[in-house]
Amino acid sequence: MRIVDVFVLSRDIISEYKKIHAGTLMHPIDVLGDKGVVSIIGERTKLKIETACLRWSGYMFRAQLRRYGDRANIIYSHELNPCWSRFAICKEAFHLLSGDTKNFSSDPVALVNGLLNQMPQYKVDDDIGEIAAEHLAITGAVQLLLPHEFTPLLDRLESSGKTHYEIATIFKVPEKIISYRLTPDTKAIFKQLEEIKIPN
Amino acid sequence: MEEQIKFLSWHAEEVKRGLVDVKFFTGEGCFLKNTTSEDFFREANTVNSLFEQGIVVERKDVF
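Residues numbered from 1 in each chain as written. Chains lettered and ligands numbered in written order. Predicted model: local features only at pLDDT ≥ 70, side-chain atom pairs only at ≥ 80, totals over all residues. Heavy atoms only, no water.

**Student:** Which residues make up the packing of helix α6 (residues 151-159) of chain A against helix α7 (residues 164-171) of chain A, and what are the values?
**Tutor:** Residue and element names in this part refer to chain A. Two elements in contact, α6 and α7, have axes whose closest approach is 10 Å; the angle formed by their N-to-C orientations is 145 degrees. Viewed along their axes, α6 and α7 form a crossing whose handedness is right-handed. Between α6, through L153, L154, L157 and E158, and α7, the contact on the second element is made entirely by H164, I167, I170 and F171. Class assignment for the residues of the contact of α6 with α7 results in six nonpolar, one polar and one charged. (Axes fitted to C-alpha atoms, helices over the stretch in contact; angles between N-to-C directions. Helix = DSSP H or I, 4+ residues; strand = E, 2+ residues; numbered from the N terminus. Left-handed = near helix turned anticlockwise from the far one by under 90°. Contact = heavy atoms within 4.5 Å. Nonpolar A, V, L, I, M, F, W, Y, C, P; charged D, E, K, R; others polar.)

And the structure:
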């Protein structure tokens, strides 16, 4: 999957989101609830998606996705603040939207060793789909929570002197995600994506 | 290996129930942490246990 494919997927979800919200796109984007992006992803993938916050340290991992044939569970740690919780849920939900079977993790030992060592236990002729899937899901989550329609407002807030933390509280996303979204490289990517004409 | 074995046992049972994919969000990553896979699986087993018991935290601040 390419970055532009992530953009197309997230744009479709945001388009549906706007329809549900009477044609408007207000910040912050709703993640949960009947009108949230997770609900839309559930309808799009025909998966019943349930989220659950559990009380664990979150030291090794902060969230988990379990995908079954007709449903999925997104589990996140109570240690995550609301902004990180929203981001983690979106990121896992985006896996459901974007994941095809070749990116499914069927070997937990290889998966965990890969996470710990940053070097997946691949065979020489495997492609690197799994690592790419993680990056794509993060990119997708950013595009769901901070779609290109928010770019003018983000730019205005930044120009007005608001800190990334202050901007993050407005959009209810992690400060780090605002910082990423406002880097020159990310702005350039979003600008490129906006200029691509994608047939509906 | 005890925690790994326990997790793999859980995983095998879940596969029979239709599990096709499991993913973890490590946030800033585990690479710099001085930990082992046993530590990871211990935490994963804790999560499994909590989930099976239905001990969820109500979060009205997450929307």
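**Student:** Tell me about the sheet that holds strand β2 (residues 63-67) of chain A, residues and numbers included.
**Tutor:** Spatial strand order, β1(A)-β3(A)-β2(A)-β1(B): four strands in an open sheet with mixed pairing. Two strands bound the open sheet, and with one partner strand each, they are β1 (48-54) of chain A together with β1 (21-25) of chain B. The sheet shows a mean angle of 15 degrees between the axes of neighbouring strands, direction not considered. As defined by bridge partners, β2(A) adjoins β1(B) across five bridges and the pair is classed as antiparallel. Paired with A:Q64 across the strands is B:F24, a residue of β1(B). Of the strands in this sheet, β1, β2 and β3 (71-77) of chain A together with β1 of chain B touch helix α3 (residues 82-98) of chain A, which is tilted by about 150 degrees from β1(B). (Pairing = 2+ DSSP bridges.)

**Student:** So what about the interface of chain B and chain A? Which residues, and what values?
**Tutor:** Across the boundary between the two partners, chain B contributes 40 residues, which contact 56 residues of chain A. Here chain B meets chain A over a buried area of about 4500 Å², counting both sides, of which 65% is carbon and sulfur. Its largest share of buried area at the contact with chain A, chain B owes to B:K23, B:F25 and B:F63, together 21% of the area lost on that side. For the interface between chain B and chain A, the tally reads zero salt bridges. There are 18 residue pairs in polar contact (both at pLDDT 80 or more) connecting chain B and chain A. Every element with two or more residues in the side of chain B that touches chain A is listed here: α1 (2-16), β1 and α2 (37-53) of chain B. (Buried area = accessible area lost by both parts, 1.4 Å probe. Salt bridge = Lys/Arg side-chain N within 4 Å of Asp/Glu carboxyl O. Polar contact = N/O pair within 3.5 Å; in protein donor to acceptor, adjacent residues only side chain to side chain.)

Keep in mind that these numbers describe shape and distance, not what the molecule does.
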